[in-house]
Amino acid sequence: MSNKQAKKRPQKRKFKHNEIISSSDEEFDEQNGQNQGYESESESEEETAQQKKIRLAKQRIAEVEEEEQDRLEFDRGAIDKRLHEEYLEEKGRLRKNVADSYTGHEEIKVLKCKDHRDPITCCCLTSDGQTIFSGSKDGSIVKWSVSTHKKISSIKRQDKTNKDGLKYIRCLAVSSDGKYLVAGSNSKFIHVYNATDLKHLKNLQGHRDVVSGLVFRKNTHFLYSASMDRCVKEWNLDDMAYVQSLFGHQSGITSIDALSKMRAITSGGFDTSVRIWKITEESQLIFQNNFSGSIDEVKLINEENFLSCADDGTLCVWSAQKKKPLCHELSAHGIDETNGLPICILSVATLLNTDLVASGCRNGTIKLWKVGNTFKTLQLLFEIKIPGCINSLSFTPDGKQLVAAVSQEPKLGRWWRIPEAKSGIYIIPLTMNAQNNNNPSKK
């Protein structure tokens, strides 16, 4: 056997279409044990499965008691409530009804600097909600402080003659522990940085086209990337290594999202599909939307429900148990008076495990929506007007602020241009009823 034959190549995963995703407790417990790493192999061999469950439960109760002892409202009921909420969140069934408490917004803060010379395309927040990272079409990345509203540091635009340098940032993602920052650009590389000092660590190479979406699995260093080459790739940043590739979309992938489970969800643009990839089972679920245009972005509401937007102004709420949308809002941002066509939605955001979602469009309007109890209705709460294209939206984890990346032109092209718009990161403090003005969401 020759050396070439002896070399082992990474296997390309072929998925079974339309396979039903199991959401049993046994499956999640098995995955949770593997991901959290609470026990070593020797420990698992010495104790039974029942003893292991009891030990982990006691350990978690002790941790919660220690955290709750620092709070004035400490009591046994608070511990039980928190443990119950964590259980529901793991199973994808946690839902907090907070949308009705939102009444409007306060004065908007605008973050601007000279490092972003071209339109801002994307932004992402750390899990504590204290730091924002923003990317631009000129290849620059800026790190901001939410509390001081000032720039912390930046990666300036690269020389255009440097083929390996950053150019036209399409997407950003930061790990849950705030250790790694990753950027996807037109260079087809995934650029990995130390999120603390923005020091470059490595370029991950494998995609054959523009990297269009990046997301870390929650509380891990496993990274999922999506590209216009119609491929999803999994990476392990602990080893800075490629893991596997996933295929199925018929057109370029436009966005990707993930939470705790070993799953990723993607939108397929012009193939008008959303797909949930079940990594361990090597299967996928296909959700088809035949009445809308290109599905440009998808965001998880919880592990079982998600929100999508399309370039024809359609906003949809889905369930992992149904192949068609549970509800949809046609022309959610109205009709363009100049051409009579629906206004394109550019971005969406969800406050995890609640009934609050947001959408932003190309005419500078941000709408906040309430999702019904059965996920079968969308009710408009109020609008926020900001001149410009709303290219990216994110809620802070406590739900008290909404962060928007605003530019004069859309993130994917120059089909429209709004000269009066001021590019920047907009921090929008949201107002709530006094009796409900607490942390509505806990990541």
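Bear in mind the structure is a predicted one, so any value in this text is a computation, not a measurement. Along every chain, residues carry numbers that run from 1 in the direction the sequence is written. Confidence filtering applies because this is a predicted model: local features only for residues at pLDDT of at least 70, side-chain atom pairs given and counted only at 80 or more, and all residues used for totals across whole chains, interfaces and linings. Each side-chain value is worked out from all heavy atoms of the structure, with water and hydrogens disregarded.

Visitor: Before we go on, may I ask you to explain the sheet that holds strand β5 (residues 120–125) in this structure?
Guide: Remark on secondary structure: sheet strands pair via backbone hydrogen bonds, oriented parallel or antiparallel. Ordered in space as β5-β6-β7-β8, the 4 strands form an open sheet in which the pairing is antiparallel. Of all strands in the sheet, those bounded by a partner on one side alone are β5 and β8 (151–155). If you compare each strand with its neighbour and ignore which way they point, the axes differ by 20° on average. Here 4 bridges tie strand β7 (residues 141–145) to β8, and the two strands are oriented antiparallel to one another. Looking across to β8, one finds that I141 is bridged to I155. Note on pairing: two strands pair once DSSP finds at least 2 bridges between them. To qualify as a helix, a DSSP run of H or I must reach at least 4 residues; to qualify as a strand, a run of E must reach at least 2; elements of each kind are numbered from the N terminus. Axis definition: a line fitted to C-alpha atoms, over the contacting stretch in the case of helices. Angles run 0 to 180 degrees between N-to-C directions.

Visitor: How do you make sense of the state of the cysteines when you look at a structure like this?
Guide: Disulfide: a covalent bond formed between the sulfur atoms of two cysteine residues. Note on terminology: disulfide denotes any pair of cysteine sulfur atoms within 2.5 Å. With the rule as written, the count across this model stands at 0 disulfides. Sulfur of C122: no disulfide; nearest cysteine sulfur belongs to C171 and is 6.5 Å away. Relative accessibility decides the category of a residue: with a 1.4 Å probe and only protein chains considered, values under 20% of the type maximum give buried, values over 50% give exposed, and everything between is partly exposed. Since its relative accessible area comes to 6%, C122 is described here as buried. Exposure remark for C171: the relative accessible area of 6% places this residue in the buried category.

Visitor: Where do I start with the environment of D336 in this structure?
Guide: Position of D336 among the secondary structure elements: in the loop between β24 (327–329) and β25 (345–350). D336 gets classed as buried once you look at its relative accessible area, which sits at 13%. For the pair D336 and N363, spaced 27 residues apart in sequence, the C-alpha separation works out to 9.1 Å. Working rule for contacts: check all heavy atoms of both residues, and any pair within 4.5 Å makes them a contact. Leaving out residues up to four positions away in the same chain, D336 has contacts with L341, I343 and R362. In protein, a polar contact means a hydrogen-donor-capable atom and an acceptor-capable atom, both N or O and within 3.5 Å, with residues adjacent in sequence counting only if both atoms are side-chain atoms; elsewhere, any N or O pair within 3.5 Å suffices. Among the polar contacts listed, one links the side chain of D336 to the side chain of T338, at a separation of 2.7 Å.

Visitor: I would appreciate a short explanation of the side chain of R275 in the present structure.
Guide: Relative to the helices and strands, R275 is located in strand β19 (residues 273–278). Positive: Lys, Arg. Negative: Asp, Glu. His and the chain ends are not part of the count. The term salt bridge refers to a side-chain nitrogen of Lys or Arg lying within 4 Å of a carboxyl oxygen of Asp or Glu. Salt bridges are absent for the buried R275, whose nearest opposite-charge side chain, D271, sits at 4.5 Å. A distance of 3.5 Å separates the side chain of R275 from the side chain of H249, its partner in a polar contact. Engagement of the side chain of R275 in a polar contact is seen with the side chain of Q284, the distance being 2.6 Å.

Visitor: Honestly, the pairing of β19 in this entry has me stumped. Any pointers?
Guide: Counting buried residues in β19 gives 6 out of 6 residues, a clear majority hidden from the surface. Judged by which residues are buried, β19 turns out to be covered on both faces: S273, R275 and W277 on one side and V274, I276 and K278 on the other are all buried. Sheet topology note: the strand β18 (residues 263–267)/β19 ladder contains 5 bridges and is antiparallel. In the sheet register, T266 faces β19, and the bridge partner there is R275. Taking the residues between adjacent antiparallel strands as the criterion, β18 and β19 are bridged by 5 residues, where G269 takes a positive phi near 60°. Sheet topology places β19 next to strand β20 (residues 283–288); 6 bridges connect them, and they run antiparallel.

Visitor: Explain the environment of L204 here, please?
Guide: Assignment of secondary structure puts L204 in strand β12 (residues 200–205). Along the chain, L204 and G184 lie 20 residues apart, while their C-alpha atoms are 9.9 Å from each other. The residues touching L204, leaving out its near neighbours within four places in the chain, are F189, I190, V192, L223, W235, L237 and M240.

Visitor: So what exactly am I meant to see when it comes to empty space enclosed by the protein here?
Guide: Over the atoms rolls a probe the size of a water molecule, and its path tells where empty space is left. Whether a set of points on the 1 Å grid over the protein atoms alone is a cavity depends on a 1.4 Å probe fitting there but being unable to get out, while an open set qualifies as a pocket with protein on both sides within 12 Å along at least five of seven lines; lining residues are those with an atom within 4 Å of a point. Grid points are joined across faces, edges and corners, and a volume is the space filled by probe spheres set on the points. The tally for this structure, following the rule as stated, stands at 2 cavities of 30 Å³ or more. The volume enclosed by the largest cavity comes to roughly 70 Å³. Residue lining of the largest cavity: L259, R263, A264, I265, I276, L300 and E303, and that is the complete set. If you tally residues by element for the lining of the largest cavity, the top one is β18, at 3 residues.

Visitor: Just to check I follow, could you spell out the sheet that holds strand β10 (residues 180–185) for this structure?
Guide: Spatial ordering of the open sheet is given by β9-β10-β11-β12, a layout of 4 strands whose pairing is antiparallel. Bordering the open sheet on either side are β9 (169–174) and β12, each of which pairs with just one other strand. For this sheet the average axis-to-axis angle between neighbouring strands, irrespective of direction, equals 20°.

Visitor: Please explain the packing of aromatic side chains as it appears in this structure.
Guide: For any pair of aromatic rings, geometry is given as the distance between the ring centres together with the angle between the planes. Aromatic contacts are taken between Phe, Tyr and Trp rings whose centres are within 6.5 Å, Trp giving its six-membered ring; a plane angle under 30 degrees counts as stacked, one over 60 as edge-to-face, and the others as tilted. What the rule picks out here adds up to 4 aromatic pairs. Definition used: whenever NZ (Lys) or CZ (Arg) falls within 6 Å of the ring centre and also within 35 degrees of the ring normal, the charge is taken to sit over that ring. Cation over ring: R95 sits above F375, and NZ or CZ is 4.9 Å from the ring centre. The ring of W416 has R362 sitting right over it, with the charged end atom 4.4 Å from the ring centre.

Visitor: What should I look at first to understand the nonpolar core in this one?
Guide: When a protein is soluble and globular, its nonpolar side chains tend to lie buried together. Formed by 22 residues in total, the largest nonpolar core has its most connected members in I366, L368, L402 and L430. Listed by contribution, the elements that provide at least two residues to this core are β26 (356–361), β27 (365–371), β28 (378–385), β29 (389–395), β30 (401–407) and β31 (424–432). For this core, the leading source of residues is β31, giving 4 residues. When neighbours within four sequence positions are excluded, L430 is seen to be in contact with Y102, G104, H105, L368, F382, I384, F395, G399, K400, Q401 and L402. The set of buried Ala, Val, Leu, Ile, Met, Phe, Trp, Tyr and Cys residues whose side-chain atoms join them within 4.5 Å is what this entry labels a nonpolar core.

Visitor: Where do I start with the environment of I428 in this structure?
Guide: Here I428 lies in strand β31. With 321 residues separating them in the primary sequence, I428 and E107 have C-alpha atoms 7.1 Å apart. Discounting residues that sit within four places of it in the chain, I428 has contacts with H105, I108, I366, I384, I386, K400, Q401 and L402.

Visitor: Whenever I open this one, the pairing of β10 confuses me. Can you help?
Guide: For a regular strand, side-chain orientation follows a simple rule: the groups alternate between the two sheet faces. Across the 6 residues of β10, 6 count as buried, placing the element largely inside the fold. In β10, alternate side chains face the same way, and those of Y180, V182 and G184 on one face and L181, A183 and S185 on the other are all buried. Two strands pair when backbone bridges link them, and β9 and β10 are joined in this way by 5 bridges, in the antiparallel orientation. Opposite C171, over in β10, you have G184 as the bridge partner. Counting the residues that bridge the hairpin from β9 to β10 gives 5 residues, and of these G178 lies at a positive phi of roughly 70°. With 5 bridges connecting them, β10 and strand β11 (residues 189–194) associate as antiparallel partners. Note on β11: the bridge partner recorded for G184 is I190.

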